[in-house]
Amino acid sequence: MTSLLIQYLKPHKWVLVLISFLLLVQVVSNLYLPNLNADIINQGVITGDIGYILKSGAIMLGISLILGISAITAVYFSARTSMRLGRDIRADVFRRVQSLSLAQMHEIGVPSLITRNTNDVQQIQQLVMTGLTMMILAPITAVGAILMAVREDAQLSLLLVVIVPMMLLVIGWMVVKAIPLFQVMQIKIDRVNQVLRENLTGIRVVRAFNRTHSEEARFDIANDDLTDTSLKVNRIFALILPVLLLIMNLSSVAVLWFGGHLVAAGSMPIGNLTAFLAYIAQILFSVMMAVMTLMMVPRAAASSDRINQVLNTAPSITEVDHSAGPVGESAGRVELRSVQYQYPGALDPVLHTISVTFEPGTTNAIIGGTGSGKTTLINLLPRLLEATAGQVLIAGQDVRQMPQEELWAHFGLVPQKAFLFSGTIASNLRFGRPEATESQMWRALEIAQAADFVRALPEGLASTVDQGGANFSGGQRQRLAIARALVREPAIYIFDDSFSALDYATDSRLRAALRQHVADATVIIVAQRISSITNADQIVVMDFGAVVGVGTHEALLADCQTYREIADSQAEVAAS
Amino acid sequence: MTPSQQSSAHSSTSSPPPVRMNERPMGPRGPMAGMVPSAEKAKDFRGSLKRFSPRLRPERAVAIVVLLVGAVSVFLTVLGPKLLGNATNVIFSGIISSRIPAGVTQAQAIARLRSTGLTTQADMLSAMTLTPGQGVDFTALGHDLAVVVVVYFAASVLSWVQNYLMAGVTQRTMYRLRTEVDVKLGRLPLSYFDATSRGDLLSRVTNDIDNISMTLQQTLTQLVTAVLTVVGVLCMMLWISWQLALISVLTVPASFGVTMLIAKRSKPHFVDQWKWTGKLNGHVEEMFSGHELVRVYGHRQAAIREFDDANAQMAEHSFRAQFISGIIQPALMLISNLNYVAIAVIGGLRVASGSMSLGDVQAFIQYSRQFTMPINQIASVANLLQSGAASAERVFELLDAEDEIPDPLHAEKLNDVSGRISFENVSFRYLQDKPLIENLNLQVVPGQTVAIVGPTGAGKTTLVNLLMRFYEVQEGRILIDGIDSTAATRADVRHCFGMVLQDTWLFEGSIYDNIAYGAYIATAADIEGAARASFAEHFIRTLPDGFSTKLTELGENISAGERQLLTIARAFLANPSVLILDEATSSVDTRTEVLIQKAMAELRRGRTSFVIAHRLSTIRNADVILVMKSGTIVEQGTHDELIALGGYYRTLYLSQFEASPVENADDSVS
């Protein structure tokens, strides 16, 4: 955590110096007040010098004001610094994630990356905000108060040798006992919430199997468990405050007893007693503040570990900044030469020595069981993943020699999950081509068989799309995602199982329109069922990461064992 | 100090999970949020409080003890400074006494001072009890201090007892509230769950309950102690010096005024802060989830630009919100220091004039510090209560929702059902003005298969809802073996059915537990048998721990096809008389697909089944086909009858199946 904080606090180092100075002013003033109060007693009250009392009072007033102003200024700078620090970390994490490859993203997980970019940064930001005030303030106050106490009377300060370690002991006990319990409690809360979540998502199944009561019992166990742990945690905390208060109060008693002797012996003026009591109170207060902030540290440390992991991940795909020259071949030609791909840390490659070519103006299909590497293969083309061996050539150029933005301009990708962005239908269609005209969008919608339902919407292209496209059905989402690719008019289309949510009629109309309108482009379709790809110009059959057959439907039926097996199994399914 | 629970909804859009400590809530509302009215306010604060109080009733006895113990503890704590002040007085008078030679009386000493013009000192001395010539009376001092030690010790012990008991009160209350909510979820009709967004419901049962729990923990003890302390301290201050007390009391409205003034100014900034936080989080979520699209569609620079913009806005608004609300603390500190100065000066003057003792001033200073702290606490607790009440309101809304119609008292028994199902003039609509199923009649003989076909969104699941009594028919009736299903208990009705839906639901637990979900008593052999019958055994055996393999929440560690097989095994074990199957269209690989098909066929053998059908083979072999379109049943009959009819089914059939290149062998288009 320290490295992260040092790195991001560095640009603010002068502000930090200023904040520390302001806090120092604050502490010194705060400590000086009891001192003046002692003077009032020693020199004003005892000698009856009213003028002195008033004069000291005026000084105290002035100091209070200085204290207030410096405290407010410190809040200003600490709020500004911590929010800027949060902003900068967030920006860096976001940019870093944008440059990670798909494999790297999946290694950490998308939901986790989202949390890291948002909540985790918030945790750090919050810690810095409190840290800049409390965490600096607490030790300065404690040290200052101890120094002042010693100055007031060295002998009496020996009491601190007893008091301070006692407090530290109590806090240490709390940290050791309570923090692990806190973590356990969090797990139990998660468990309770998980049972509830499972019950809500599975409500139909729970009721269908008449398991409402056993679910209640399951919940009860989790609930009981949470209550137990919460009780334990709360009971520890129930003890801490009274104990700390007792230590402080007994210290006051000790100060009066021993101080009384010193005063009687004439070695200490009586006003110092009052000041001494005030210092002890301040030491205790700063210790308690430190405890509060300490509680935040383990959580923030975990957050910063997660953030660091992202920031320390070097993008596995590096960018070339020069173009390798004008595209020689036709833009849609895709060629894989002995391509291999192995996920980081995996024992075996998921793709071995794949060599295949997709020509412009053809429809190509990739078929194979789950885990045969179909999606991995198509992710290699726009360099979302980088081949671990071999070459991927787009329009005759090695993808590694092309600037990424230039490479991507060749593609219209429709992923398995039809993902829409919040905004409007138009903003989604323009996602890959900001300057697309309305007529271009309508044309794409027509081909994607989405024009009818979009037209039926009261606001047409301007209709709102909720996050994740939640206000559209699965089939509508898929068609919009296809239209989005069409608007781009790319040289290469990739459809990764993109027709699964469409009903039969729509599906066949869409395919027909597609054939007609994108005749010049290279179309690559990942499919689950043979029936949907029989018309393809070229079918690539994959099994366990290898290409086991390439050809037309008839050719493959004739001489590809795996293809026949798939065809048979699908026929068998239909016949059963 | 009371630790608090943290909210932890799973959704990534939820606000950051806060770690909150006493008086210093961190997280979504910012570090100084305790002082700032939260954006979320209860609509009817009193109402929620009133509704919540009965839930504390079982703790009445403990609560009374807590109150008494708390009162005594506060009384003792409050007594402390005064007693310490007395001790200071003993020392002070000892010092003064030692300066007066023995044999001179106090009166003489005062007179001497007056004659030398030291009237102030004379005044001060006249207010003290002096024993001239003697030093500090350590016996008296020791005695006084011993009393203080006892008082403080007792106060701490009692305060501990109070906190300890209070922890029990709050935790037990929360336990009961959570149970109440969970039981309520079991009684709500399905329509409630369908009509309410899942995220919102989840947030109510998790975040809101956590928030109430935190509010309870922090407010109850603090509020009791703070109020008692304010009262006690005020009494002590008045007792010592009403003039000084007046000054201290003045700080109360000043503190409240300043807090409110600042809070009011910071509120719009907080609103902006949360607005931008939401925007930013939403943007991050979308850009990360649609990562490959962002890249391939060349949207990366635009995404970064948009992010930077939202990020800068959020930082700016957070800064303003944090800064303005951050002023509260220093401002209160300033007020408290002004109070301190005033007391030091005026107190000093009063000691000098003999109208007050030094120990009393010292005690008063301590009191004035003790006075401002609980007042600030009450202010922050009031805020916390507001947010807690808002949560309570949302939970009460859930608890107020109407229950399912209870089962009939003398329900008909449904034992050993043969599987004869009839719909008699059944009508149903979700919305009153949108007719859905009108006057449906259907006779299903035991062992028959009913295929339900139609495009997506045609309302095929509505029939399932009615059969399972997830929803109640509005007119007509559904008979199971001649018995009106509403005359039986829901449990009995549902016991007749086995359901395998596309939306496979599994819970965190072993595969054993998940399969056994379908039957109350099942041996390991039964479970393995069911797995074998449903062709799930093979894949289960290849898992590292076989049947004991732990599934993660929702079974995400196995494939969709494997999940489907497990739900079939679950239905197998339940051994129902009637089946409801939803054939999968989702991307399941071909090999598993074959297994699923075989397993479903096996499961259907000898049972009445309702199949939401996507496969030609199922449809053609069905005894009855129900054709649904935009929510209504448009045609009904066998395949041949419907083809002969030449209506919607025929069109559907021709467009979907006939064009298929694999003759009669096609199942669906992926």
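Residues numbered from 1 in each chain as written. Chains lettered and ligands numbered in written order. Predicted model: local features only at pLDDT ≥ 70, side-chain atom pairs only at ≥ 80, totals over all residues.

Peer 1: Can you walk me through the overall build of chain B in this structure?
Peer 2: Helix and strand counts for chain B come out as 22 helices and 14 strands. Evaluated residue by residue, chain B yields a buried proportion of 51% over its 670 residues. (Helix = DSSP H or I, 4+ residues; strand = E, 2+ residues; numbered from the N terminus. Buried ≥ 20, exposed ≤ 12 C-beta atoms within 10 Å, placed from the backbone.)

Peer 1: What exactly am I supposed to notice about the overall build of chain A here?
Peer 2: Counting its regular elements, chain A contains 18 helices and twelve strands. For chain A, the proportion of its 576 residues judged to be buried stands at 51%.

Peer 1: Explanation requested: the environment of Leu54 of chain A in the structure shown.
Peer 2: Residue and element names in this part refer to chain A. Mapped onto the elements, Leu54 comes out in helix α3 (residues 50-98). With 15 C-beta atoms packed within 10 Å, Leu54 lands in the partly exposed category. Each C-alpha atom, one on Leu54 and one on Gly44, is 8.8 Å from the other, the two residues being ten residues apart in sequence.

Peer 1: Got a minute to help me understand the nonpolar core in this structure?
Peer 2: Within the largest apolar cluster, 269 residues are counted, with the highest numbers of intra-cluster contacts made by Ala483 and Ile494 of chain A. A per-element tally of this core places helix α9 (residues 271-311) of chain A first, with 17 residues. Each residue touching Ile494 of chain A, except ones within four places of it in the same chain, is listed here: Ile378, Leu381, Phe411, Leu413, Val414 and Ile524 of chain A. Formed by 79 residues, the second largest nonpolar core is a distinct cluster that contains Phe507, Ala574, Leu581 and Ala599 of chain B. (Core = buried A, V, L, I, M, F, W, Y, C linked by C-beta atoms within 7 Å. Contact = placed C-beta atoms within 7 Å.)

Peer 1: What is the right way to look at the interface of chain B and chain A in this model?
Peer 2: Where interface size is given, it is often the accessible area lost as the parts come together that is meant. Taken residue by residue, the interface counts 150 residues in chain B and 149 residues in chain A. The element that contributes the greatest number of residues to the side of chain B that touches chain A is helix α5 (residues 138-187) of chain B, accounting for 21 residues.

Peer 1: So what exactly am I meant to see when it comes to the packing of helix α8 (residues 242-289) of chain B against helix α11 (residues 328-352) of chain B here?
Peer 2: Residues and elements named next belong to chain B. Running from amino to carboxyl end, α8 crosses α11 at an angle of 165°, the nearest separation of the two axes being 10 Å. By the angle class used here, α8 and α11 are roughly antiparallel. Here α8 runs over α11; the crossing is right-handed. Only Ile328, Ala331, Leu332, Ile335, Ser336, Asn339, Ala342, Ile343, Ile346 and Gly347 of α11 make contact with α8, whose side of the interface consists of Leu244, Ile247, Ser248, Thr251, Ala254, Ser255, Val258, Thr259 and Ile262. For the contact of α8 with α11, the class distribution of residues is twelve nonpolar, seven polar and no charged. (Axes fitted to C-alpha atoms, helices over the stretch in contact; angles between N-to-C directions. Parallel < 35°, antiparallel > 145°, perpendicular 65-115°, else oblique. Left-handed = near helix turned anticlockwise from the far one by under 90°. Nonpolar A, V, L, I, M, F, W, Y, C, P; charged D, E, K, R; others polar.)

Peer 1: Can you help me understand the sheet that holds strand β4 (residues 389-394) of chain A in this one?
Peer 2: Hydrogen bonding along the main chain pairs the strands of a sheet, whether they run parallel or antiparallel. One open sheet accounts for four strands, arranged β2-β1-β4-β5 (chain A); its pairing is antiparallel. Each edge of the open sheet is held by one strand with a lone partner, namely β2 (351-358) and β5 (397-398) of chain A. (Pairing = 2+ DSSP bridges.)

Peer 1: Whenever I open this one, the confidence of the model for chain B confuses me. Can you help?
Peer 2: Low pLDDT means the predicted atomic positions in that stretch should not be read closely. Residue and element names in this part refer to chain B. Across chain B, the average pLDDT comes to 79, with 87% of residues at or above 70. No element of chain B has a lower mean pLDDT than strand β1 (residues 20-21), at 28, and none a higher one than strand β6 (residues 475-480), at 91. In this model residues 658-670 is a low-confidence stretch, pLDDT under 50, and it forms 37 contacts with partners more than four residues away in sequence or in other chains. (pLDDT = per-residue confidence, 0-100.)

Peer 1: Would you take a moment to explain the sheet that holds strand β3 (residues 421-428) of chain B for this structure?
Peer 2: All names here are of chain B. Taken in spatial order, the four strands line up as β4-β3-β6-β7 in an open sheet, and their pairing is antiparallel. Strands with a single pairing partner mark the edges of an open sheet, and in this sheet they are β4 (437-444) and β7 (483-484). As paired elements, β3 and β4 share five bridges and run antiparallel to each other. Its bridge partner lying in β4, Phe423 is registered against Leu442. Of the strands in this sheet, β3, β4 and β6 are in contact with helix α13 (residues 460-467), which crosses β3 at around 115°.

Peer 1: Even after reading the chapter, I still don't get the packing of helix α2 (residues 13-45) of chain A against α3 of chain A, so can you show me in this structure?
Peer 2: In a pair of packed helices, the angle between the axes and the distance between the axes together describe the arrangement. Residues and elements named next belong to chain A. For the pair α2 and α3, interaxial distance at closest approach is 8 Å and the crossing angle is 160°. In terms of their interaxial angle, α2 and α3 are classed as roughly antiparallel. For the pair α2 and α3, the crossing hand works out as left-handed.

Peer 1: Explain the confidence of the model for chain A here, please?
Peer 2: Across chain A, pLDDT averages 84, with 95% of residues at or above 70. Taking the mean pLDDT of every element in chain A, the minimum, 71, falls on helix α18 (residues 561-575) of chain A and the maximum, 94, on helix α13 (residues 438-447) of chain A.

Peer 1: Sorry if this is basic, but what is going on with the environment of Met174 of chain A here?
Peer 2: Residue and element names in this part refer to chain A. Structurally, Met174 is set in helix α6 (residues 154-201). What makes Met174 buried here is the crowd of 20 C-beta atoms within 10 Å. Once the C-alpha coordinates of Met174 and Phe237 are considered, the two residues, 63 residues apart in sequence, prove to be 8.0 Å apart. Discounting chain neighbours no more than four positions away, the residues touching Met174 are Ile236 and Ile240.

Peer 1: Help me understand the pairing of strand β1 (residues 334-341) of chain A in this model?
Peer 2: Look at any regular strand and the pattern is simple: side chains alternate between the two faces of the sheet. Both β1 of chain A and β2 of chain A contribute to a ladder of five bridges, which runs antiparallel. Its bridge partner lying in β2 of chain A, Val334 of chain A is registered against Phe358 of chain A.

Peer 1: Please explain the pairing of strand β8 (residues 497-500) of chain B as it appears in this structure.
Peer 2: Residue and element names in this part refer to chain B. The alternating pattern of β8 places Phe497 and Met499 and Gly498 and Val500 on opposite faces, both of which are buried. Sheet topology places β8 next to strand β11 (residues 578-582); four bridges connect them, and they run parallel. Bridge assignment links Gly498 to a residue of β11, and that residue is Leu579.

Peer 1: I keep staring at the environment of Met128 of chain B and nothing clicks. Help me out?
Peer 2: All names here are of chain B. Its location among the elements puts Met128 in the loop between α4 (119-126) and α5. As a C-alpha pair, Met128 and Val90 span 38 residues in sequence and 9.7 Å in three-dimensional space. Setting aside anything within four residues of it in sequence, one finds Met128 in contact with Ser93, Ile96 and Ser357.

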